[in-house]
Amino acid sequence: MIVTVTPNPVLDRTLIVPRIVWHEVIRATTTRLDWGGKGFNVSRALKALGMDSVAVGFIGGATGELLERGLRELGIATDFVRIAGETRTNVVIAEQDTGRYLKVNEAGPVVSAEEQAALLALVRRRVRPGELWVLSGSLPLGVPPAFYADLVVTVQQAGAQAFLDTSGEPLLLGCQAGPYLVKPNAVEAQEVTGQEIDDDDDALAAARFFLEQGVQVVALSLGAGGLVLASRGWAVRARPPQVEARNPVGAGDALLAGVAWAMLRGLTPEEIARWGVACGAAAAASEGVAFGSREEVEALYHQSSAYRCELW
Ligand SMILES: Nc1ncnc2c1ncn2[C@@H]1O[C@H](COP(=O)(O)OP(=O)(O)OP(=O)(O)O)[C@@H](O)[C@H]1O
Ligand SMILES: [Mg+2]
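None of these values were measured; they are calculated from a predicted model.

Student: What is the right way to read the sheet that holds strand β11 (residues 217-221) from this model?
Tutor: Strand pairing within a sheet occurs via backbone hydrogen bonds; the two strands may be parallel or antiparallel. Read across the open sheet, the 10 strands follow the order β5-β4-β1-β8-β9-β10-β11-β12-β13-β14; overall the sheet is mixed. This sheet does not close on itself; its edge strands, each paired only once, are β5 (77-82) and β14 (305-308). One ladder, built from 2 bridges, connects strand β10 (residues 181-182) with β11; its direction is parallel. Within the sheet, the bridge partner assigned to V182 lies in β11 and is V218. Relative to the sheet, helix α3 (residues 113-126) contacts β1 (2-6), β4 (53-59) and β5, its axis offset from that of β5 by approximately 145 degrees.

Student: Would you mind going over the site of ligand 1 with me for this structure?
Tutor: Of all residues adjacent to ligand 1, which total 21 residues, the nearest are N185, S221, A251, G252 and G280. Taken together, the residues of the shell around ligand 1 break down into 13 nonpolar, 7 polar and 1 charged.

Student: Please clarify how the sheet that holds strand β3 (residues 30-36) should be interpreted in this entry.
Tutor: In spatial order, the strands read β3-β2-β6-β7; together these 4 strands make up an open sheet with mixed pairing. Each edge of the open sheet is held by one strand with a lone partner, namely β3 and β7 (101-105). Adjacent strand axes in the sheet meet at a mean angle of 15 degrees when their direction is disregarded. Two elements, strand β2 (residues 10-17) and β3, share 7 bridges in a ladder whose sense is antiparallel. Directly across from L15, in β3, lies its bridge partner T31. Together, β2, β3 and β6 (88-95) form the strand contacts of helix α2 (residues 61-73), whose direction differs from that of β3 by roughly 85 degrees.

Student: Looking at this structure, how should I read the packing of helix α9 (residues 269-284) against helix α10 (residues 294-303)?
Tutor: Two quantities define a packed helix pair, namely the angle between the helix axes and the distance between the axes. Put simply, α9 and α10 touch, their axes get as near as 8 Å, and they point 125 degrees apart. It follows that α9 is oblique to α10 by the angle criterion. In this structure, α9 meets α10 at a crossing whose hand is right-handed. Of the residues in α10, those in contact with R274, W275, A278, C279, A281 and A282 of α9 are E296, V297, L300 and Y301. Per-class residue counts for the contact of α9 with α10 are 8 nonpolar, no polar and 2 charged.

Student: For this particular structure, what's the right way to read helix α7 (residues 200-212)?
Tutor: Given 3.6 residues per turn, any residue in an α-helix points the same way as the ones three and four places further on. In this model, α7 (13 residues) spans 18 Å end to end at C-alpha, consistent with the 18 Å of a helix rising 1.5 Å per residue. Taken residue by residue, α7 has A203, L204, A206, A207, F210 and L211 as its buried positions. One face of α7 carries all of its buried residues, which in axial projection span an arc of 160 degrees. With respect to the buried face of α7, the exposed residues turned more than 90 degrees away are D201 and E212.

Student: Where do I start with the pairing of β5 in this structure?
Tutor: The two faces of a sheet get side chains in turn, since along a regular strand they alternate between them. As paired strands, β4 and β5 are joined by 6 bridges and run parallel to one another. Looking at the pairing, F58 lines up with V81 of β5. Assessed by its sense of winding, the connection that carries the chain from β4 through α2 to β5 is right-handed.

Student: Teacher, can you tell me more about the environment of M1 here?
Tutor: Looking at the element boundaries, M1 is found in the segment before β1. Measuring from C-alpha to C-alpha, the distance between M1 and G130 comes to 7.9 Å, with 129 residues separating the pair along the chain.

Cut-offs and rules
Residues numbered from 1 in each chain as written. Chains lettered and ligands numbered in written order. Predicted model: local features only at pLDDT ≥ 70, side-chain atom pairs only at ≥ 80, totals over all residues. Pairing = 2+ DSSP bridges. Helix = DSSP H or I, 4+ residues; strand = E, 2+ residues; numbered from the N terminus. Contact = placed C-beta atoms within 7 Å. Axes fitted to C-alpha atoms, helices over the stretch in contact; angles between N-to-C directions. Near = placed C-beta within 6 Å. Nonpolar A, V, L, I, M, F, W, Y, C, P; charged D, E, K, R; others polar. Parallel < 35°, antiparallel > 145°, perpendicular 65-115°, else oblique. Left-handed = near helix turned anticlockwise from the far one by under 90°. Expected span 1.5 Å × (residues − 1). Buried ≥ 20, exposed ≤ 12 C-beta atoms within 10 Å, placed from the backbone. Arc of directions from axis to C-beta. Right-handed = clockwise from strand over helix to strand, strands pointing away.

See below:
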């Protein structure tokens, strides 16, 4: 059983217009809504792999309702804490032919201490031994950076495993709570370790840093360069096949889904890493936050590669 937690979800509204003109009414030719949120992306990718999950998080107002309905229509079960504020909407206004766009992100709602306590209580009530809990994305306004650390402890005290994917201080504090797995990308790792990642040796050094914080497994994703998957005692370097990248946003979420899915199937580290990069590549090759089919991922898996390397 997998549960994904998205504390800071967002409704992404994309309006396609012929041309952006100031001080005039412009009519959109196409409108697209995407149910944004890192954990939701993981749930969607798991669904494509044939695995159900439950999406948990904060939602509020009419936008929150829309998000919840959208996820349910995708066949993803939800269990949300309703907050007083309104779930944020991010708007993209994109010109049809030029690729020029405006993107406006809302700051989003402030989540109160009571609402935070309600989410922790929900997690405590739901969590069962042996489950895998994916904790993903930024934290909303009002939530202290140690919130993920608290979630990690809550999940793991119940005998489940926490997989953490966030950045900055919430990531560092979260690592110190000893989650089973963390998934930084190169930029997030550099930010936390203070060391540039220019080659494989740098990536392995960054992986060691995360293990030294108390994490069991680190999945350090390197964009088109692939993945370093490491634990105490072993490290694997995996490379995805070359794909024509259309939209790499959400590739890391897909990778995390692939890694979680492969781990639950009891596969070897090399196989887990290859499923991860295959899922990431499938997402990078798809438009928007789409993912592709199980068959596409399987084809990419067979074109991916992985080998063991020395970590210490
Ligand atoms: N251009 C690409 N070609 C092939 N594979 C890619 C490409 N970009 C990403 N991937 C795959 O996706 C994985 C995750 O990508 P990346 O490191 O960019 O994650 P991320 O920055 O966390 O993404 P996000 O947070 O937007 O989901 C990579 O490890 C790789 O396997
Ligand atoms: Mg990411």
